[in-house]
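Fold and geometry: a report
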Amino acid sequence: MATILEESGFDPNQKLKIVGTNPVKQDGLDKVTGRARFGADAFLPGMLFGKILRSPHAHANIKSIDASAAEALPGVKSVITSADFPSIPQGTGAGDMTRNVMAVEKALYDGHPVAAVAATSEAIAKKALKLIKVDYEVLPHVIDPLDAMKPDAPILHDYMRTKGDPDAPDKPTNVTEKMVTELGDVSKGFAAADVVVEHDYDSKPMHQGYIEPQGCIADYSEDGQIELWCCTQAPFVYRDRLTAILKLDSSKINVEQSELGGGFGGKTGFYAEPHAILLSKKASRPVKMTLTRNEVFRGTGPVSGTNSTIKMGCTKDGRITAAEANLVFQTGPYTGSMYFNAPNAMFTRYDLENVHIVSREVVSNRPKVNSFRAPCVPQIVFGVEGVIDEMARKIGMDPIDFRLKNAAVDGHTAIYGDTWGPIGFVETLKAAKESDHYKSPLPKGQGRGISAGFWFNRGGETAGSLTLAPDGTVTIVIGTADVAGSRVSIAMMAAEELGISIDKIRVSFADTNSLGFNRVTAGSRTTYSVGMVVVNNARQVIKELCNRAAGIWGVPAEGVVYEEGQVRPASSNVGDFEPMSIGDITAKTGMSQGPIAGHSEMNVTGAGPGFGVHIVDVKVDEGTGRVDCTRYTVVQDVGKSIHPLQVEGQVQGGAVQGLGWALNEEYIYNDKGCLDNASFLDYRMPVASDVPMVDTVIVEVPNPAHPFGLRGVGEVPVVPTMGAVGNAIGDAIGIRPRSLPMSPPKMLDLLEEAKGLSESERY
Amino acid sequence: MAKKSHVTTTVNGDEYEFLSEPGQTLVDALRNSLGLTGTKEGCSTGDCGACSVQLEGRLVCSCLVLAVEADGKSIDTIEGMANGDELHPLQRQFLELNGSQCGICTPGVLIAAQALLETNPDPTETEIRYYLAGNLCRCTGYDKIIRSVQAAAAEMRGS
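Residues numbered from 1 in each chain as written. Chains lettered and ligands numbered in written order. Predicted model: local features only at pLDDT ≥ 70, side-chain atom pairs only at ≥ 80, totals over all residues.

**A look at the overall build of chain B**
Scanning chain B from terminus to terminus reveals five helices and five strands. Traced from its N-terminal end to its C-terminal end, chain B shows the element sequence β-β-α-β-β-β-α-α-α-α. If you line up chain B on its principal axes, its C-alpha atoms span 55 × 30 × 25 Å. Within chain B, buried positions represent 57% of all 159 residues. In chain B, the share of contacts with a sequence separation of at least 24, taken over all contacts with a separation of at least 6, comes to 58%. (Helix = DSSP H or I, 4+ residues; strand = E, 2+ residues; numbered from the N terminus. Buried ≥ 20, exposed ≤ 12 C-beta atoms within 10 Å, placed from the backbone. Contact = placed C-beta atoms within 7 Å.)

**A look at the overall build of chain A**
On a plain count of helices and strands, chain A comes out with 20 helices and 26 strands. Here chain A has a C-alpha radius of gyration of 28 Å; the compact-globule value for 763 residues is 27 Å, and the two agree. Expressed as lengths along the three principal axes of its C-alpha atoms, the size of chain A is roughly 85 × 75 × 50 Å. Burial analysis of chain A (763 residues in total) assigns 58% to the buried set. In chain A, once contacts between residues fewer than 6 apart in sequence are set aside, the share between residues at least 24 apart is 81%. (Rg over C-alpha atoms; globule rule 2.2 N^0.38 Å.)

**Focus on the domain arrangement of chain B**
All names here are of chain B. By the assigned domains, chain B splits into domain 1 (5-80) and domain 2 (89-157). On a C-alpha basis, the centres of domain 1 and domain 2 stand 21 Å from each other. With 12 residues of domain 1 at the interface, the matching set in domain 2 holds 11 residues. Tallying contributions element by element places strand 3 (residues 52-55) first for the side of domain 1 that touches domain 2, with three residues. When grouped by side-chain class, the residues that make up the side of domain 1 that touches domain 2 number six nonpolar, five polar and one charged. (Domains from an automatic or database assignment. Nonpolar A, V, L, I, M, F, W, Y, C, P; charged D, E, K, R; others polar.)

**Regarding the interface of chain B and chain A**
Listed as interface residues are 41 residues of chain B and, on the opposing side, 44 residues of chain A. Ranked by residue count, the leading element in the side of chain B that touches chain A is helix 2 (residues 89-96) of chain B, at four residues. Of the residues assigned to the side of chain B that touches chain A, the class counts are 19 nonpolar, 13 polar and nine charged.

**Focus: the domain arrangement of chain A**
Residues and elements named next belong to chain A. Split into domains, chain A comes out as domain 1 (28-36 + 459-604) and domain 2 (376-457 + 608-755). Taking only C-alpha atoms, the centre of domain 1 and the centre of domain 2 are 38 Å apart. Counting residues per element, the ones that place at least two in the side of domain 1 that touches domain 2 are helix 15 (486-498) and helix 16 (526-553). Classifying every residue of the side of domain 1 that touches domain 2 by side-chain character gives seven nonpolar, six polar and one charged.

**Some remarks on the confidence of the model for chain B**
Considering every residue of chain B, the mean pLDDT works out to 97; 99% of them sit at 70 or more. Two summary scores accompany this predicted model of the complex, namely pTM at 0.97 and ipTM at 0.98. (pLDDT = per-residue confidence, 0-100.)

**What to know about the sheet that holds strand 7 (residues 175-183) of chain A**
Residue and element names in this part refer to chain A. Strand order across the open sheet formed by five strands is 7-15-14-13-8, with mixed pairing between neighbours. The two strands at the open ends of the sheet, each matched to only one other strand, are strand 7 and strand 8 (195-203). Between one strand axis and the next, the sheet turns through 5 degrees on average, direction left out of account. In this sheet, strand 15 (residues 355-362) lies alongside strand 7 in antiparallel orientation, the contact comprising eight bridges. Bridge pairing in strand 15 links M179 to S359. The sheet contacts of helix 11 (residues 378-394) involve strand 8, strand 13 (306-314) and strand 14 (320-330), and relative to strand 8 the element is tilted by about 150 degrees. (Pairing = 2+ DSSP bridges. Axes fitted to C-alpha atoms, helices over the stretch in contact; angles between N-to-C directions.)

**A short note on unusual backbone geometry**
A cis geometry characterises the amide bond from A:L740 onward to A:P741, with omega recorded as -10 degrees. You will see that A:S284, though not glycine, has its phi angle at about 55 degrees, which is positive. Relative to the helices and strands, A:S284 is located in the loop between helix 8 (273-283) and strand 12 (287-290). Positive phi, normally seen in glycine, also occurs at B:E56, with a value near 50 degrees. One can find B:E56 in the loop between strand 3 and strand 4 (58-61).

**Focus: the pairing of strand 3 (residues 76-80) of chain A**
Residue and element names in this part refer to chain A. The buried fraction of strand 3 is high, at five of five residues. Sheet topology places strand 3 next to strand 5 (residues 113-119); four bridges connect them, and they run antiparallel. Note that in strand 5 the partner of S78 across the bridge is A118.

**What to know about helix 3 (residues 106-119) of chain B**
Look at helix 3 of chain B: 20 Å from first C-alpha to last across 14 residues, which is about the 20 Å you get at 1.5 Å a residue. Among the 14 residues in helix 3 of chain B, 11 count as buried, and that is most of the element. Along helix 3 of chain B, the residues that are buried comprise B:T106, B:P107, B:G108, B:V109, B:L110, B:I111, B:A112, B:A113, B:Q114, B:L116 and B:L117. Those residues of helix 3 of chain B that are buried are in contact with helix 1 (28-33) of chain A together with strand 3, strand 4, helix 2, helix 4 (125-131) and helix 5 (143-157) of chain B. (Expected span 1.5 Å × (residues − 1).)

**Examining the sheet that holds strand 22 (residues 580-581) of chain A**
Residues and elements named next belong to chain A. Strand order in the open sheet formed by three strands is 20-21-22, with antiparallel pairing between adjacent strands. Each edge of the open sheet carries a strand with a single partner, namely strand 20 (560-563) and strand 22. Looking at chain direction, strand 20 and strand 21 (residues 566-569) are connected through four bridges and run antiparallel. Pairing of V561 across the sheet is with R568, part of strand 21. Across the sheet, helix 16 touches strand 20, strand 21 and strand 22, and the angle it forms with strand 20 is around 135 degrees.

**Some thoughts on the packing of helix 7 (residues 235-246) of chain A against helix 8 of chain A**
Residue and element names in this part refer to chain A. The N-to-C vectors of helix 7 and helix 8 enclose an angle of 55 degrees; their axes lie 11 Å apart at closest approach. In terms of orientation, helix 7 and helix 8 fall into the oblique class. At the point where helix 7 passes helix 8, the crossing takes the right-handed sense. Packed against helix 7, whose contacting residues are Y238, L242, I245 and L246, the element helix 8 presents E273, P274 and I277 at the interface. (Parallel < 35°, antiparallel > 145°, perpendicular 65-115°, else oblique. Left-handed = near helix turned anticlockwise from the far one by under 90°.)

**Topic: the nonpolar core**
Residues A:I476, A:A491, A:A494, A:V534 and A:V725 are the most contacted members of the largest nonpolar core, which totals 276 residues. Those residues in contact with A:A494, other than ones at most four positions away along the chain, are A:L466, A:V474, A:I476, A:I505, A:V534 and A:A538. (Core = buried A, V, L, I, M, F, W, Y, C linked by C-beta atoms within 7 Å.)

**Some remarks on the pairing of strand 9 (residues 215-220) of chain A**
Residue and element names in this part refer to chain A. Judged by how many residues are buried, strand 9 sits mostly within the fold: six of six residues are covered. The side-chain alternation of strand 9 yields two buried faces, one formed by G215, I217 and D219 and the other by C216, A218 and Y220. Bridging between strand 9 and strand 12 involves four bridges; their strand directions are antiparallel. What sits directly across from A218, in strand 12, is V287. Pairing geometry for strand 9 and strand 10 (residues 226-230), over five bridges, is antiparallel. Residue pairing for strand 10: D219 is matched across the bridge by E227. Hairpin geometry of strand 9 and strand 10 is characterised by an intervening segment of five residues between the two adjacent antiparallel strands and by a positive phi of about 90 degrees at G224.

**Considerations on the packing of helix 16 of chain A against helix 17 (residues 582-593) of chain A**
Residue and element names in this part refer to chain A. Helix 17 packs onto helix 16 with a crossing angle of 75 degrees between their chain directions and a minimal axis gap of 10 Å. The angle between the axes of helix 16 and helix 17 places the two elements in the roughly perpendicular class. Two secondary-structure elements touch here, helix 16 through L545, R548, A549 and I552 and helix 17 through I582, I585, K588, T589 and Q593. Considering only residue class, the contact of helix 16 with helix 17 consists of five nonpolar, two polar and two charged.

So, in structure tokens, the structure goes:
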């Protein structure tokens, strides 16, 4: 039987009964009653409490650690330092991962773990941390990536040389890698331009801001088997990276995921889990660890801050002729920012012939960045869409028309090499133009901006099973995490394929012992990829049900069909048989022929590109510099909304995260290189009274690789946000901001600057 | 070791007793001494609202209340919000309208919204937004939370 990867069976005229409706999600009840168990909500008999000692210095050699007083404290059961981790060379993947969770030679940021303790109570563990003596030799530090690139900058790693830059001198550097991405000939392109716009932009790291701090329990048994409970977007990836740094077989660790209290990319890499495992090993008891919010800010992954120069040219009738960019990405002390997404996505959605992008990733004394929705793309698109908007203004063209004129269409070959099938960028732009928001007059004293964005959407390694119980009800086991309601969407797709109601289906998470490897739940891949697996499984089950029915009736398998949850004769010629339900067949054949199940292990391909256009109105308070978003509309092509309410919720959430990034969120370091705003009070994320309702216009240009036309949802909605807000502010005050966040102090400066502009100089 | 205090408190109508270490917060006692983990701890500094409970009918962040302050008092948490099998209108509307995504902020938001509707049965959108401004949510962008509260308020008013 061909798998779903060869034959999705997508039919543009299919009549869907369940996909596209809004059933209550099965995990919802537990979440409104407090029953749902998140990372910190588990307890094991004999459990100890672990705490991490963190460096108070941004950059320091660790000369020695004396933990003897902590070890002697009554109630302390184990203490670990880097000496308890296997020794892995610096500058390797596993070496960096080890050093990020436990400093070895040096502490490289304020909050870098240096030791950990497990004790019979949290109070004792905290007391023990104070008894650990670390002898630091404080070194000069560097926070800003442009400073880190200067010749006399403090060097984080003596071994580091810039990859991909043969011209770089053979001496230590903070630039990890240089990458050039090009297409055509930009000098020719700029020569053909009537208008050229070029600006510098910058953005600051922001935090993913999940409300659930990391929480886990590790239980290391004497025979070397490890049970790990944790909140994660990537149980299998955690397992395999943990075994890589602990030098164990993957089968030694079983990861069981809890409910996930938000992740947004930030729970794709582990933080306290290795400590919990090693503390448990040493103490021979389970160890629970829960990070504090201060630790989450100081020690877990923010998003890359960036510096960029972006230059584009267009003809006076609005055709873009060239695009050039120079990009710098902060990555914290170790490589791994996924900065390469930016050159592949920043201009992608426009049909460009001449592109030249130079990207560099730079280490500095800040926590290692982690993924965040569309990693490294939105903060660069902030600049790209500013340049686009300015070009449209300069030639006097409507900003949506300008984008339409340059929009990529079906058959476009993207800069990263893929040639696209059906895509919906034009449809999304047109839907934006036709939206009530865009057609409504702008209230007096406000500004309006639009911006567009793209994300690849992803597939990847995915495994899952679908099992029929003897009574014909269905259980589905998946190995991804549920970041935004994927369980109900998966149940809906299975119900649609099987022609049964969703309440006959239950979807559960696997632990890592139970399924094949599943890639991280990120990149807008989960509902798409798991949907492919689950529909494929349903088809296997249907085929077996047909075989068994044919056997019961004594007719050839071709003589039966499966329709709406029943097997029936294909025609009256086959015979006069009463249709049989799933339960009829499992009851009749289970004893003789065994249980029925479908399972698939795939590298899912065919993810369809996603596009969004955001429309934003803002009001700028000239006295305080505060920017209020007064109206917001997200227009996005998702291919097909499986559960429209959840799709809306996910794009609304993305837009509001983007508003925080646009207007307020940033890390503030003091002159010692320590984070000064490591709390929700001082690192202020948007609260309910900061934002308006977010209108959504969901466009559905199906992706034919998927049986129901699905693309992906979660990454796209944060990509255009800051660009749209920036363009709206430019429209309101006469100067388009180029530095994120567009916070009150910066806005007051821009308002002052705008006073001196003539009408023609105004944005 | 410092002496522990004996605390007797009523949670969701049931009497509980526990020994509290000096400095133990109410959220810690609820979660770790009484096993009521529906109340979440997101920041321990009173900024995120995930630990919202009602103490003697007053909305508080239970991370800012000492466990000993609950002695002789009554506490309402998310575990007591439904009446047996019958969900509170807020819980039902959050389910129907997708007011809960990942669900970590949901117990605190529901408790805060309940406190709002007890004092103001017909709040405006702005009033809801300001009342819930102490409850951070990173998933929803607040839109569906606000709509869920509006729908529950309308249902409770019988309109």
